[in-house]
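Here is what each chain is made of, one letter per residue.
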Amino acid sequence: MGDIGLIRVEKLSTRGINIKSSSVEKKTINKDKLSEYENDGWDFVPSKLKKSVRITRTKKHNVAFEDRTWGLLARMGFELINKDNSFKLEYKPGLTKQIDVFACDSEAIVFVECKSSKKRERKSFQKDINELIGLQDDLRKASQKIIPGKQKIAFIFATNNTILSENDKSRLETASIHHFNQDDIEYFEQLTKHLGRAAKYQFFGKLFSGQKIPELNSRVPAIKGKVAQGYTFYSFSIDPELLLKIGFILHRADTNKDATAAYQRLVKKSRLKKIGDFIDNGGYSPNSIIINIQTRNNRSLNWEPSQLIEHDSSTSMGVLHLPQLYKSAFIIDGQHRLYGYSISQSSSHQTVPVVAFENLPPEEQTRIFVDINSTQKSVPANLLHSIKADFDWGSSNDRLALSALKTKLFLKMNSDEKSPFYKRIIISEEVKTNQRCLTLQTLKSWGLGNVNYFGKLKGSNFITTGYLTDINNQKTLEKAYVFFNKIFIKIETELNNQWDLGSADGGFIGMNIGVSAIFRTVDKIIEHLKKNKDVEPELTSAEDLAAKVIPFLIPVVSFVDSLTAEGRNKLRRLFGSGATEKVVWEFSHAINKENTDFKPKGLEQWIKDTSGEFNIKAHELGHEKIEPLIDNFIKSKLKIEFGEQLWWINGIPKDIQKRCANTQIEEGSAEPPENFLNTIHYWTIIRKQWGFFGNYFTPPGLESAKKDDRIAWLQEFNQIRKKYSHPQRENVTEDEYNFLVKLHEWLPKKLTKI
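Residues numbered from 1 in each chain as written. Predicted model: local features only at pLDDT ≥ 70, side-chain atom pairs only at ≥ 80, totals over all residues. Heavy atoms only, no water.

### Remarks on the overall build of the chain
Condition: Elements are defined by DSSP. Helices are runs of H or I of four residues or more, strands are runs of E of two residues or more, and each kind is numbered from the N terminus. Here the term buried applies to any residue with accessible area under 20% of the maximum for its type, exposed to any over 50%, and partly exposed to those in between, with areas from a 1.4 Å probe on protein chains only. Contact between two residues is taken to exist if any of their heavy atoms lie within 4.5 Å; hydrogens are not considered. Residues counted as positive are Lys and Arg, residues counted as negative are Asp and Glu, and His and the chain ends are not counted. Charged groups are reduced to one reference atom each: NZ for lysine, CZ for arginine, CG for aspartic acid, CD for glutamic acid.
Helix and strand content of the chain: 29 helices and 23 strands. If you line up the chain on its principal axes, its C-alpha atoms span 105 × 85 × 65 Å. In the chain, buried positions account for 49% of the 754 residues. Across the chain, the fraction of contacts at a sequence separation of at least 24, relative to all contacts at a separation of at least 6, is 69%. Positive and negative side-chain charges of the chain, numbering 111 and 93 respectively, have mean locations separated by a distance of 3 Å.

### A word on the pairing of strand S12 (residues 219-226)
To keep it simple, the criterion reads: In this scheme, strands are said to pair when DSSP sees at least two bridges between them.
Two elements, S12 and strand S17 (residues 316-321), share six bridges in a ladder whose sense is antiparallel. Paired with isoleucine 223 across the bridge in S17 is methionine 317. Pairing between S12 and strand S13 (residues 232-238): five bridges, direction antiparallel. Residue pairing across strands places lysine 224 opposite tyrosine 234, the latter belonging to S13.

### What about the nonpolar core?
For the record, the criterion: As used here, the term nonpolar core means buried Ala, Val, Leu, Ile, Met, Phe, Trp, Tyr and Cys residues forming a set that is joined through side-chain atoms within 4.5 Å.
Grouped together as the largest cluster of nonpolar side chains are 61 residues, with contacts concentrated most on Tyr453, Phe483, Phe484, Ile487, Phe488 and Phe587. Breaking this core down by element, the ones donating at least two residues are helix H13 (398-415), helix H14 (440-447), helix H15 (473-494), helix H17 (512-532), helix H18 (542-561) and helix H20 (577-594). At 11 residues, H18 tops the list of elements feeding residues into this core. The contact partners of phenylalanine 587, leaving out residues within four places of it in the chain, are Phe508, Ile509, Gly514, Ala517, Ile518, Thr521, Val556, Phe559 and Val560. Membership of the second largest hydrophobic core comes to 60 residues, among which are Val112, Leu243, Ile246 and Tyr326.

### Here we look at the packing of aromatic side chains
The line we're drawing: Geometry of aromatic contacts follows a simple scheme: Phe, Tyr and Trp rings, the Trp one being its six-membered ring, pair when their centres are within 6.5 Å, and the pair is stacked under 30 degrees between planes, edge-to-face over 60, tilted otherwise. Think of it as a cone above the ring: NZ of Lys or CZ of Arg counts as a charge over the ring if it is within 6 Å of the ring centre and within 35 degrees of the ring normal.
Under the definition given, this model contains 40 aromatic pairs. Considering the side-chain rings of phenylalanine 410 and phenylalanine 519, the 5.7 Å spacing of their centres and the 80° angle between planes classify their relative orientation as edge-to-face. Of this pair, phenylalanine 410 sits in helix H13 while phenylalanine 519 sits in helix H17; the two residues are 109 residues apart in sequence, bridging distant segments of the chain. With relative accessibility at 0%, the residue phenylalanine 410 sits in the buried group. An aromatic cluster is built from Phe410, Phe421, Tyr453, Phe454, Phe483, Phe484, Phe488, Trp499 and Phe519, whose rings are joined through pairwise contacts. Above the face of the phenylalanine 180 ring, lysine 206 is positioned so that its terminal group lies 5.2 Å from the ring centre.

### Thoughts on the pattern of salt bridges
Oppositely charged side chains are able to pair whenever their charged atoms sit close together. Selection criterion: In the sections that follow, a salt bridge refers to a side-chain nitrogen of Lys or Arg positioned within 4 Å of a carboxyl oxygen of Asp or Glu.
Taken as a whole, this structure holds 36 salt bridges when the rule is applied. Here glutamate 113 and lysine 115 are joined by a salt bridge, their closest N and O atoms 3.5 Å apart. On the basis of relative accessible area, lysine 115 is assigned to the buried category, the value being 18%. Each of Lys97, Glu113, Lys115, Asp128 and Glu131 takes part in a single network of salt bridges with overlapping partners.

### Here we look at the sheet that holds strand S2 (residues 24-30)
The criterion, for reference: Axis definition: a line fitted to C-alpha atoms, limited for helices to the stretch in contact. Angles are taken between N-to-C directions and run from 0 to 180 degrees.
On the basis of which strands lie adjacent, the open sheet formed by three strands has the order S2-S4-S3 and antiparallel pairing. At either margin of the open sheet sits one strand with a lone partner, and together these are S2 and strand S3 (43-45). Pairwise comparison of adjacent strand axes, ignoring direction, gives a mean angle of 35° for this sheet. Examined bridge by bridge, S2 and strand S4 (residues 52-58) share seven bridges and lie antiparallel to one another.

### Details of the environment of asparagine 434
Following the sequence through the fold, asparagine 434 ends up in the loop between strand S20 (425-426) and strand S21 (438-439). Between the C-alpha atoms of asparagine 434 and serine 503, which are 69 residues apart in sequence, the distance is 4.8 Å. If we skip the residues at most four places from it in the chain, asparagine 434 touches Leu501, Gly502, Ser503 and Ala504.

### Quick word on the sheet that holds strand S8 (residues 101-104)
One open sheet holds the six strands; their spatial order is S1-S5-S8-S9-S10-S11, and the pairing between them is mixed. Strands with a single pairing partner mark the edges of an open sheet, and in this sheet they are strand S1 (6-8) and strand S11 (177-180). Adjacent strand axes in the sheet meet at a mean angle of 25° when their direction is disregarded. Direction of pairing for strand S5 (residues 80-82) relative to S8: antiparallel, over a ladder of two bridges. Of the residues in S8, the one forming a bridge with leucine 80 is cysteine 104. Most of the contacts of helix H4 (residues 126-143) go to strand S10 (residues 152-164), to which it runs at about 155°, and overall it touches S8, strand S9 (108-123), S10 and S11. The sheet strands contacting helix H6 (residues 182-195) are S10 and S11, and the helix crosses S11 at an angle near 85°.

### Considerations on the pairing of strand S7 (residues 95-98)
Here four bridges tie strand S6 (residues 88-92) to S7, and the two strands are oriented antiparallel to one another. Note that in S7 the partner of glutamate 90 across the bridge is threonine 96. Hairpin connection between S6 and S7: a loop of two residues separates the two successive antiparallel strands, and glycine 94 in this loop has a positive phi of roughly 85°.

### A look at the packing of helix H24 (residues 654-667) against helix H25 (residues 679-688)
Threshold: Angles are sorted into four bins: roughly parallel if under 35 degrees, roughly antiparallel if over 145, roughly perpendicular if 65 to 115, and oblique for all others. Each crossing gets its handedness from the near helix: less than a right angle anticlockwise from the far helix is left-handed, clockwise is right-handed. Residues are grouped as follows: Ala, Val, Leu, Ile, Met, Phe, Trp, Tyr, Cys and Pro are nonpolar; Asp, Glu, Lys and Arg are charged; all remaining types, including Gly, are polar.
Orientation of H24 relative to H25, taken along the N-to-C sense of each, is 160°, at an axis distance of 10 Å. Compared by their axis directions, H24 and H25 come out roughly antiparallel. As for the relative orientation of H24 and H25, their crossing is left-handed in sense. Between H24 and H25, the residues in contact are Ile656, Arg659 and Cys660 and His681, Thr684 and Ile685, respectively. Considering only residue class, the contact of H24 with H25 consists of three nonpolar, two polar and one charged.

### A look at helix H19 (residues 565-572)
Stated formally: Working note: the arc is built from the helix axis to C-beta atom directions.
Inspection of H19 places Gly567, Arg568 and Leu571 among the buried residues, and these make up the whole buried set. The buried residues of H19 all sit within an arc of 100° when viewed along its axis, so they share a single face.

### Things to note about the confidence of the model for the chain
Here is the rule we go by: The predictor reports its confidence for every residue as pLDDT, a score running from 0 up to 100.
Per-residue confidence for the chain gives a mean pLDDT of 89; residues scoring 70 or more make up 92%. Per-element mean pLDDT across the chain ranges from 64 in helix H12 (residues 381-392) up to 98 in H18. Predicted confidence for residues 258-264 stays below pLDDT 50, and this span has 37 contacts to residues more than four positions away or in other chains.

### What about the side chain of threonine 698?
Operational definition: We call two N or O atoms a polar contact when they sit within 3.5 Å, provided that within protein one can donate a hydrogen and the other can accept it, with sequence-adjacent residues counted only if both atoms are side-chain atoms.
If you trace the backbone, threonine 698 turns up in the loop between helix H26 (690-693) and helix H27 (707-710). The class for threonine 698 is buried, based on a relative accessible area of 1%. Of the polar contacts made by the side chain of threonine 698, one reaches the backbone oxygen of glycine 694; its length is 2.7 Å. Once residues lying within four places of it in the same chain are set aside, the contact partners of threonine 698 are Trp690, Glu703, Arg710, Trp746 and Lys750.

### Remarks on the side chain of serine 21
With respect to the element layout, serine 21 can be found in helix H1 (residues 14-21). At a separation of 2.8 Å, a polar atom in the side chain of serine 21 contacts the main-chain carbonyl oxygen of isoleucine 17. In this structure the side chain of serine 21 is engaged in a polar contact, spanning 3.4 Å, whose partner is the backbone oxygen of asparagine 18. Each residue touching serine 21, except ones within four places of it in the same chain, is listed here: Asp67, Arg68, Gly71 and Arg75.

### Brief notes about unusual backbone geometry
Unusually for a residue other than glycine, lysine 327 sits at a positive phi of about 55°. The residue lysine 327 is located in the loop between S17 and strand S18 (329-333) in this model.

### Some remarks on the state of the cysteines
Simply put, the disulfide is a covalent bond whose two ends are the sulfur atoms of two cysteines. Rules: Here, the term disulfide refers to a pair of cysteine sulfur atoms separated by no more than 2.5 Å.
In the structure shown here, the tally under the stated rule is zero disulfides. The thiol of cysteine 114 is unpaired, and the distance to the nearest cysteine sulfur, on cysteine 104, comes to 17 Å.

Take a look at the structure:
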């Protein structure tokens, strides 16, 4: 095949495929040529070579994307693939077309046209798409001369960091050209990493969905019955190879529009290997693989009942004609068992038991999966939570329906390529990266946990509507999506570098805490517009409402943009539900400086609390009066009880003695260990020596309370102590200062007498 630029995949080594598909080029050259290569963008790599040097260079983005796509198809195990990106196919005498990636075997021929951008941007490829459409028929005919057979032929238009226009997408769809973006490529890379060549079955299911599989023997003896809900099922045993060909798995990691209703997580390579080894050693699984067979227009499957067997069951026996179509059997449970056979080396012919439902609704498939897997540790709770939204959608329980609405909002944001959140939210088992650093649960809790976008609940019922509430859940979802998309496109555009950084060093606004704070701040802005600007958000379109909100976000953008590295890190380090509230007040304060009538409830108090006016007064009261009071009392009391010589040994718990001694040694201090006691130590000492100290340290009115409740004030005092001791980290609030005042009113009265 060398004369036409193709090579047999079996001749390619794994190392060779990895080298070509890498985003980095590597070379070994003579030392005297190093400067020449360095001028051309190559970097020196330290090595032990004496006469030569190793160099490396990042490939241009377009070359890297082509090589990455080539590597994917090579790993899938097609029979032939182009040697390099100079491959040209002669489609008419003297006329050729350069093909970025070309792969074929006895089942399929695949053409891939690759387009890439250095940074994420919107682009039109009208000219390239029209050219490909014009050559489709000629390329089909030319490709079928390369390898004999009646293969399926697919054309893929693959893009990287590029958002296609709706017109381009429409032209591709009309011409039956598949659009794969970088995330489709990544999905199949992950699948191939786990499944190896068996990933090609899933690949064909996507490319040839609903198309007939030639020469497929699909008649199986089966038992037919119905479950309580009235759904038809068939039970039979089948060759795993046949089920792999017609089967398809909706993975949450897939980028297909159907994936928002998917319930399966990606297969695990380690688990597959164990199953494959188990099969090779004569093992088998008695559990049935559960599937759903989806027919065109929900027609009944072709079923030939047997008339020859008498029995007393309500089921019937016969022959089932399975669809001879790609992507007609959806695997609900048992994907690891099924794919385990694909990597098994066993030559013995085996069949697997199957329970096949007929035309189950998507929500019922999801329910079965959840029922089977909800108690299994192997299924992430986050995945179960996200798919639960499918059958809580439209629930009569408003609390469940609201949770489903929020989940679907983030799923939609994550799956739409035009959204700033595209593939940035961890929904299931996706690998966390600097950009994919947002989590579904956190966004729901921190960002949409205490807002009025969708109404207020009492128990399981809505008692009010929300700013984005529409006539039904679907309309509310659509309005919310359009509204938030407008809001965050503005944030992404104005803070582009920050947004792109995600959780990398220097990033903040594209992290859970930054995004959640925007959601909460926008809620306060809408409240302000409703109360003070006569805006009726429920009656305002998503676009118009966003237009009214965005001007208030400009000061927030300026605030984030002006943050120093230290300021960003301070906000990044905040954690927990209260952390978001702190950032929301920072944003609100920034808005207030530009819009003085913007005064959400609590802002004025927050400004006062963060001004630092209580730090000095708190230090004077806490450090100079309360701390010495507690310290002197405890030491004096213990000396009376145990004596001057033994109070430290017998009155102080051993672990605290060790900690104080360690601190003394670490600081190289000549002071005695007792001088290193702190407030938390006192809390422990009081608990351990409750008979001596309990009543003295109990606040008035709590004499009958539990032990820990009676001295809980010590822990609160310790938190305030940290603030007035290190005011550069966080200021003492007015409430905290008042706490110290009240503490100093009752504590000295109790500790005046020993």
